[in-house]
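# Topology and contacts: notes
As a plain string of letters, each chain reads:
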Amino acid sequence: AVAQLRHPESRPFQTAAPAPRAMRPSYRKMALVGVGLAAAALAASASVVAGGAARLPAAFRGLASASLATDKRHPDAAPPEGYAENLPKFASMLDVLLAWNPDDPAEPAGGSKFDTLEVIDWATEGAMERATELRNLEIPFKIKNMPELDEVAKKWADDDYVIEGMSSRKSYTINTAHNGHFMFYQSNAMAKELKKSLRPANGYSSSKQASNAFKPRGYTFDHPPPVPLPMSFAKFWEESAALEEANKAKPPNEDAESRHLYLSTGDSWEGAGDTMISRDINLFEKDAPTRDLFIPEPTDVRGQHCRFGMRGVVAEQHWDGHRNFIYMLRGMKRYVINPPAACTAMDMMHSGPSRRHAGIDFSDPEAISDPETAAQLDKAQAVETVLRAGEILYMPSFWLHYIVSMGRSIQCNTRSGVGHMYGEDAAGINKCEVGRSPPPATPEELATATAKVEAKINDFRLPQA
């Protein structure tokens, strides 16, 4: 029962799978208890949405995931002093997308006009204090010129060093997709069986098959989830480089629809791991001056994770429940960022294997041309930034982010503790977790968004051969 509450997307009674022919009495009792507890948890969740700052009953505290914790959500309270004054200048999510199609990994000439995050130069006096202030306010920001990271970035620019540094493990789980879209998918027994049945010999599934098979499980995204394959790091690194070079020769629309590979793997955050990740990154050691900044709650650390990507890999928009420090160690990535309240405009999947992820393909001209979708996106606040090797990005709890790898890249992160949310941000996340839709757009909002789309949609479409 505890496991089912921690992972509501894996509850067997939420799926359309047939019940087993026979069930032992002990299992039957456990199932009934699980159903009862889950029903009570759902009722408690509903009371949270209705009652704003209400907390889950004591019996369920600690059983829910971090994203369901409500003791740090304050929908009826104003943000702390200094919050509004330090926020970045936001644009409309629709404007950000129309200016740069996410399936195009090439940076526009002159860069993005929507990059308004504060950048802290670590070489300047007071950098640590300013970074700590913004982190405590739960506002995203960037850090540059940190010598410890610059040194790692120089080492990791060498392919031979990277291959040797990651080859202490014989095999990794490599995600492969028929295009650049990599939707998070939390596998369970049913999902594994579906993936097995969809996996052709070449290692990735067709969009039509996957759409039909996965959507009944709460999966509303247009592209299939990635398929995991065992592979040595050396083979992954070499194959992804070859695929990237082959894709570059194609027109942008074919590049976006070509096979891509992606690796996400973890290691110790205190230097005791078996790869170059823990050996080279020393920001979290007990005597490191940066430890208190990056690890605000040492008793609640979600490890250190690194993502090795190729050009065109897209990590779909989502939120994380924990404070997240992201550090770029090779290449560049584009981050489109939204405050938590914007989630109501994003068609978030609130259940199933991809919960807390957006169900909209932001690169699809037809998807964002839908009048209601465009109007909701036009009301959502957004900012974007390009994170380059040696830079750090702070992503507060529950802030949404959409990530595009602009070339061969290595990006790592560590998460520690859950931050506070206030006002419309807390209320928005509460609504998105249970699938509550925003009010329909007004005729004026529909007209404004439609005019924006009509003016820019041709430039938004990727060039073809």
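Quick caveat, the model's predicted, so the values are computed rather than measured.

Looking now at the side chain of Arg334. Tracing the sequence through the fold places Arg334 in strand β12 (residues 332-338). Residue classification places Arg334 among the buried positions, given a relative accessible area of 1%. A polar atom in the side chain of Arg334 sits 2.7 Å from the side chain of Glu384. The contact partners of Arg334, leaving out residues within four places of it in the chain, are Val96, Trp100, Asn101, Pro102, Glu384, Thr385, Val386, Tyr402, Ile403, Val404 and Met406.

With that out of the way, let us pick up the state of the cysteines. This model, assessed by the stated rule, comprises two disulfides. Residue pairing for Cys306: its cysteine sulfur links by disulfide to Cys412, the two sulfurs lying 1.9 Å apart. Between Cys306 and Cys412 the sulfur-sulfur dihedral comes to about 105°; the bridge is accordingly right-handed. Of this pair, Cys306 sits in strand β9 (residues 301-309) while Cys412 sits in strand β18 (residues 409-416), placing them 106 residues apart in sequence. The pair formed by Cys306 and Cys412 is uniform in burial state, with each residue classed as buried.

The strand order β3-β4-β16-β11-β18-β9-β8-β5-β7 describes an open sheet built from nine strands, whose pairing is mixed. Every interior strand has two partners, whereas the edge strands, β3 (119-121) and β7 (227-231), have only one. If you compare each strand with its neighbour and ignore which way they point, the axes differ by 25° on average. In terms of strand pairing, strand β11 (residues 324-330) meets β18 through six bridges, oriented antiparallel. Residue pairing in the sheet places Phe325 in a bridge with Thr414 of β18. Contacting β11, β16 (392-395) and β18, helix α6 (residues 147-156) crosses the sheet at an angle of about 45° to β11. Most of the contacts of helix α10 (residues 233-248) go to strand β8 (residues 260-267), to which it runs at about 145°, and overall it touches β5 (172-177), β7, β8, β9, β11 and β18.

At a closest axis distance of 8 Å, the pairing of helix α15 (residues 371-379) and helix α17 (residues 443-460) adopts a crossing angle of 95°. With respect to α17, the element α15 is oriented roughly perpendicular. Contacts from Pro371, Glu372, Ala374, Ala375, Asp378 and Lys379 in α15 reach Glu445, Leu446, Thr448, Ala449, Thr450, Lys452 and Val453 in α17.

Below, the discussion takes up the confidence of the model for the chain. The predicted model of the chain averages 82 in pLDDT, with 77% of residues at 70 or higher. The low-confidence segment residues 1-68 (pLDDT under 50) makes 79 contacts with residues lying over four places distant or belonging to another chain. Within the model, pLDDT remains below 50 along residues 197-206, and this stretch shows 24 contacts once partners closer than five positions in the same chain are excluded.

Another point: the packing of helix α7 (residues 159-166) against α10. Put simply, α7 and α10 touch, their axes get as near as 9 Å, and they point 145° apart. Along the contact surface, α7 presents Asp159, Val162, Ile163 and Met166, while α10 presents Phe233, Ala234 and Trp237. Considered class by class, the residues forming the contact of α7 with α10 number six nonpolar, no polar and one charged.

Attention shifts here to the pattern of salt bridges. This structure, assessed with the given rule, holds 21 salt bridges. Here Lys452 ties to Asp378 by a salt bridge, and the two come within 2.7 Å at their closest N and O atoms. Taken together, the positions of Lys452 in helix α17 and Asp378 in helix α15 put the pair 74 residues apart, joining distant regions of the chain. The exposure class of Lys452 is partly exposed, given its relative accessible area of 26%. Exposure remark for Asp378: the relative accessible area of 16% places this residue in the buried category. Look at the salt bridges and you will find they share partners, linking Lys72, Glu138, Glu297 and Arg323 into a network.

On to the nonpolar core, then. Counting residues in hydrophobic clusters, the biggest one holds 62 residues, and the most contacted among them are Ile143, Trp156, Phe233, Phe236, Ile281, Phe294 and Phe308. With five residues, β11 is the single largest residue contributor to this core. Residues in contact with Phe236, not counting those within four places in the same chain, are Ile174, Met231, Leu261, Tyr262, Leu263 and Phe308. Listed in part, the 39 residues of the second largest apolar core include Val336, Met348, Ala374 and Ile429.

Now for the packing of aromatic side chains. Per the counting criterion, the structure on display carries 16 aromatic pairs. An angle of 80° between the planes, with centres 5.3 Å apart, marks the rings of Phe233 and Phe308 as edge-to-face. Here Phe233 is found in helix α10, whereas its partner Phe308 is found in strand β9, with 75 residues between them in sequence. Both residues of the pair, Phe233 and Phe308, belong to the buried class. In this structure an aromatic cluster arises from ring pairing among Phe141, Phe284, Phe294, Phe325, Tyr327 and Tyr394.

What follows is about helix α5 (residues 127-137). What sets the pattern is the α-helix's 3.6 residues per turn: residues three or four places apart point alike. Within the sequence span of α5, burial applies to Ala127, Ala131, Leu134, Arg135 and Leu137. Seen end-on, α5 carries its buried residues on one side only, within an arc spanning 165°. Those residues of α5 hidden inside the fold are in contact with α3 (83-86), β3, β4 (141-144), α13 (291-294), β11 and β16. Positioned one or two residues after α5, Glu138 has a phi angle of 65°, which is positive.

Attention now moves to the pairing of β5. Two elements, β5 and β7, share five bridges in a ladder whose sense is antiparallel. Bridged to Thr176 within β7 is Val227. Bridge count for β5 against β8 is four bridges, and the pairing is antiparallel. Bridge pairing in β8 links Ile174 to Leu263.

Next up on the list: unusual backbone geometry. Unusually for a residue other than glycine, Arg356 sits at a positive phi of about 65°. Among the structural elements, Arg356 can be located in the loop between β13 (348-349) and β14 (357-358).

Thresholds, definitions, all that
- The residue count restarts for each chain, going from 1 along the sequence in the order it is written.
- pLDDT decides what is reported in this predicted model: residues at 70 or higher carry local features, side-chain atom pairs at 80 or more are listed and counted, and totals for whole chains, interfaces and linings draw on all residues regardless.
- Just so you know, side-chain values use all the structure's heavy atoms and leave hydrogens and water out.
- Segments assigned H or I by DSSP are reported as helices when at least four residues long, segments assigned E as strands when at least two residues long, and all are numbered from the N terminus.
- Residue burial is assigned from relative accessible area. The probe radius is 1.4 Å, only protein chains are included, and a residue is buried under 20% of its type maximum, exposed over 50%, and partly exposed in between.
- Counted as a polar contact is a pair of N or O atoms within 3.5 Å, where, for protein atoms, one must be capable of donating a hydrogen and the other of accepting one, and residues adjacent in sequence contribute only when both atoms are in side chains.
- Any two residues whose heavy atoms approach within 4.5 Å are treated as being in contact.
- Whenever a pair of cysteine sulfur atoms sits within 2.5 Å, that pair is classed as a disulfide.
- Pairing between two strands requires that DSSP report at least two bridges joining them.
- For every element, the axis is a line fit to its C-alpha atoms; helices are fit only across the contacting stretch, and the angle between N-to-C directions ranges from 0 to 180 degrees.
- Any angle from 65 to 115 degrees is called roughly perpendicular, while one under 35 is roughly parallel, one over 145 is roughly antiparallel, and all others are oblique.
- Residue-level confidence of the predictor, termed pLDDT, takes values from 0 up to 100.
- Gly counts as polar in this scheme, as do all residues outside two lists: the nonpolar Ala, Val, Leu, Ile, Met, Phe, Trp, Tyr, Cys and Pro, and the charged Asp, Glu, Lys and Arg.
- Put simply, a salt bridge is a Lys or Arg side-chain nitrogen that is within 4 Å of an Asp or Glu carboxyl oxygen.
- By convention a nonpolar core is built from buried Ala, Val, Leu, Ile, Met, Phe, Trp, Tyr and Cys residues, the set being connected through side-chain atoms within 4.5 Å.
- Two rings from Phe, Tyr or Trp (for Trp, the six-membered ring) form a pair when their centres sit within 6.5 Å of each other. Planes less than 30 degrees apart are called stacked, planes more than 60 degrees apart edge-to-face, and all others tilted.
- Of all possible arcs, the one meant is that of the directions from the helix axis to the C-beta atoms.

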